[in-house]
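What follows is the residue order along each chain.
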Amino acid sequence: MNIPSSRLLFLHANGYPAGVYRAFLDLLATRWTVHAIDTIGTEAQHRPGHGWRRMRAQVMDCIDALPDGPLVLVGHSMGGYLAAMAAARLPQRVSQVVLIDSPMVLGWRATLVSAAKATGLTWKLGPAPVAARRRNHWASREEARAHLGSKDFVRRWAPGVLDDFVHAGLHEHPGGGVTLAIPRETERDVYATIAHRDALLAVRRLRARGTPVGFITGSHSEETRLAGREQNRRFWGANWVELPTGHLVPMEAPEACARAVLEMIERGGGQ
């Protein structure tokens, strides 16, 4: 086996700080030196906006700060888009990219999303307004655990992941109690400004350059369904890997997801 790099940078999904992925990242760390950005887009200079350019700059600054040498980028959902976008601009640093349930928005769906963004509908419809109304304060971590633990999607998480969210996904609130580590306003803005065309262009540039790019999805992922499951299956071809989960693949199946990532890296993204 000939792996050109032993260093990996992980980029988290919208609303889930890197610490929530502890179980998944610990498994990757048995084979790789793993780095992660704790929170993306939360500081004023990195807030989401057109093309997610400030968040991309945050990722690239982090890469610049790492020791020299080739680097594998792995990203979940939002993080997958950012991984591709940063890698496309850093051909000498990034040797491979793995996207976890970061489906490409293709064809007529891409046209619809672009039109919705241009007319401001993404701020009024879809996940952005839902995120803006998300509960963001609890009297204690215990209250937050009870509230979150009652959610169907959380019940699908592997043992220990809710504990990791309560620890890493919440911060002490200045007025007492706890609040979300990634503010709901940041989560809203990420959804409303989704960089779908930028991510697709980045993946195409990486392919043209010969950089391996792989894709891991959940067979029950609503996000991949909405983006077009069959279209994505054709787009990714041999680089498509499917696990029996929903969108939150590393939370629902951290061991299987880590194994799939490692296997994908070892075979060069399926290429």
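What you see is a predicted model; the values in this text were computed from it and never measured. Position numbers for residues start from 1 in each chain and track the written sequence from start to end. Side-chain atom pairs in this predicted model are given and counted only at pLDDT of 80 or more, local residue features only at pLDDT of at least 70, and totals for whole chains, interfaces and linings cover all residues. As a convention, hydrogens and water are excluded, and side-chain values are obtained from all of the structure's heavy atoms.

1. Quick word on the overall build of the protein chain
For step 1, the next point in the chain: Secondary structure is summarised from DSSP: a helix means a run of H or I of at least four residues, a strand means a run of E of at least two, and numbering begins at the N terminus for each. Looking only at helices and strands, the protein chain has 14 helices and nine strands in total.
For step 2, the next point in the chain: Put simply, the radius of gyration uses C-alpha atoms, and a globule should come to 2.2 Å times the residue count raised to 0.38. Against the compact-globule benchmark of 18 Å for 271 residues, the protein chain has a radius of gyration of 18 Å, which places it among compact chains.
For step 3, the next point in the chain: Each of the three principal axes of the protein chain carries a C-alpha extent, and together these read 50 × 45 × 35 Å.
For step 4, the next point in the chain: For each residue, the accessible area found with a 1.4 Å probe, counting protein chains only, is set against the maximum for its type, and the residue is called buried under 20%, exposed over 50%, and partly exposed in between. Within the span of the protein chain, comprising 271 residues, buried residues form 54% of the whole.
For step 5, the next point in the chain: Sequence separation of at least 24 residues holds for 75% of the intrachain contacts in the protein chain that already meet a minimum separation of 6.
For step 6, the next point in the chain: The charged-residue count follows a simple rule in which Lys and Arg add positive charge and Asp and Glu add negative charge, with His and chain termini not counted at all. Taken as the charge location is NZ of Lys, CZ of Arg, CG of Asp or CD of Glu. Measuring between centres, the 33 positive side-chain charges of the protein chain sit 8 Å from its 25 negative side-chain charges. Note on definitions: a residue-residue contact is assigned when non-hydrogen atoms from the two residues lie within 4.5 Å.

2. Focus on the pairing of strand 8 (residues 213–218)
For step 1, the next point in the chain: Most of strand 8 sits out of view: six of its six residues are buried.
For step 2, the next point in the chain: Going residue by residue along strand 8, you find V213, F215 and T217 tucked away on one face and G214, I216 and G218 tucked away on the opposite face as well.
For step 3, the next point in the chain: Two strands make a pair as long as DSSP finds a minimum of two bridges between them. Of the strand pairs in this sheet, strand 4 (residues 94–100) and strand 8 are connected by four bridges, and their pairing is parallel. Directly across from L99, in strand 8, lies its bridge partner F215.
For step 4, the next point in the chain: Relative to strand 9 (residues 240–243), strand 8 runs parallel, the two sharing four bridges. Within the sheet, the bridge partner assigned to I216 lies in strand 9 and is V241.

3. Some words on the sheet that holds strand 5 (residues 137–138)
By way of backbone hydrogen bonds, the strands of a sheet pair with one another, either parallel or antiparallel.
For step 1, the next point in the chain: Taken together, three strands build an open sheet; the order of strands is 5-7-6 and the sheet is antiparallel. Every other strand in the sheet has two partners, leaving strand 5 and strand 6 (170–172) as the edge strands with one partner each.
For step 2, the next point in the chain: As paired elements, strand 6 and strand 7 (residues 178–180) share three bridges and run antiparallel to each other. Its bridge partner lying in strand 7, L170 is registered against L180.
For step 3, the next point in the chain: Where helix 6 (residues 141–149) meets the sheet, it contacts strand 5, strand 6 and strand 7, and its direction lies at approximately 155 degrees from that of strand 6. Lines fitted to C-alpha atoms define the axes here, with helix axes fitted over just the stretch in contact, and angles between the N-to-C directions of these axes take values from 0 to 180 degrees.

4. Quick word on the sheet that holds strand 9
For step 1, the next point in the chain: With respect to topology, six strands assemble into an open sheet ordered 2-1-3-4-8-9, the strand pairing being parallel. Two strands bound the open sheet, and with one partner strand each, they are strand 2 (33–36) and strand 9. Neighbour to neighbour, the strand axes of the sheet diverge by 20 degrees on average, direction disregarded.
For step 2, the next point in the chain: As paired strands, strand 3 (residues 71–76) and strand 4 are joined by six bridges and run parallel to one another. Paired with V74 across the strands is V98, a residue of strand 4.

5. Some words on the packing of helix 6 against helix 8 (residues 161–168)
For step 1, the next point in the chain: Look at helix 6 against helix 8: their axes get within 10 Å of each other, and the N-to-C directions meet at 135 degrees. On the basis of their axis angle, the class for helix 6 and helix 8 is oblique. Judged by the sense of rotation from one axis to the other, the crossing of helix 6 with helix 8 is right-handed. Contacts from R141, R145, L148 and G149 of helix 6 reach helix 8 at L162, D163, F165, V166 and H167. By definition in this entry, angles of less than 35 degrees are roughly parallel, angles greater than 145 are roughly antiparallel, angles of 65 to 115 are roughly perpendicular, and the rest are oblique. Note on convention: near helix rotated counterclockwise from far helix by under a right angle means a left-handed crossing. Clockwise means right-handed.

6. Topic: the environment of I37
For step 1, the next point in the chain: For I37, the position within the fold is in the loop between strand 2 and helix 2 (53–65).
For step 2, the next point in the chain: A C-alpha to C-alpha distance of 19 Å links I37 and Y191, two positions 154 residues apart in sequence.
For step 3, the next point in the chain: Among residues more than four places away in sequence, those in contact with I37 are L9, F10, L11, H12, A18, Q58, V59 and C62.

7. Topic: the pairing of strand 3
For step 1, the next point in the chain: Buried residues dominate strand 3, accounting for six of its six residues.
For step 2, the next point in the chain: Residues L71, L73 and G75 point to one face of strand 3 and V72, V74 and H76 to the other, with burial holding for every one of them.
For step 3, the next point in the chain: With four bridges connecting them, strand 1 (residues 7–11) and strand 3 associate as parallel partners. Within strand 3, the position partnered with L11 by the bridge is G75.
For step 4, the next point in the chain: The parallel pair strand 3 and strand 4, bridged by helix 3 (residues 78–89), forms a crossover whose chirality is right-handed. Handedness of a crossover: with both strands directed away from the viewer, a clockwise path from the first strand across the helix to the second marks it as right-handed.

8. Structural notes on helix 4 (residues 107–118)
For step 1, the next point in the chain: One less than the number of residues in a helix, times 1.5 Å, gives the span that helix is expected to have. Between its first and last C-alpha atoms helix 4 spans 17 Å; for twelve residues at 1.5 Å apiece the expected length is 16 Å, and the two agree.
For step 2, the next point in the chain: Turning to helix 4, its buried residues number three or more, namely R109, A110 and A116. End-on, the buried residues of helix 4 take up no more than an arc of 125 degrees, which puts them together on one face. Of the residues in helix 4, the exposed ones pointing more than 90 degrees away from the buried face are G107, W108 and A118.
For step 3, the next point in the chain: Close packing links the buried residues of helix 4 with helix 10 (196–209), helix 11 (222–227) and helix 12 (229–236). Working note: the arc is built from the helix axis to C-beta atom directions.

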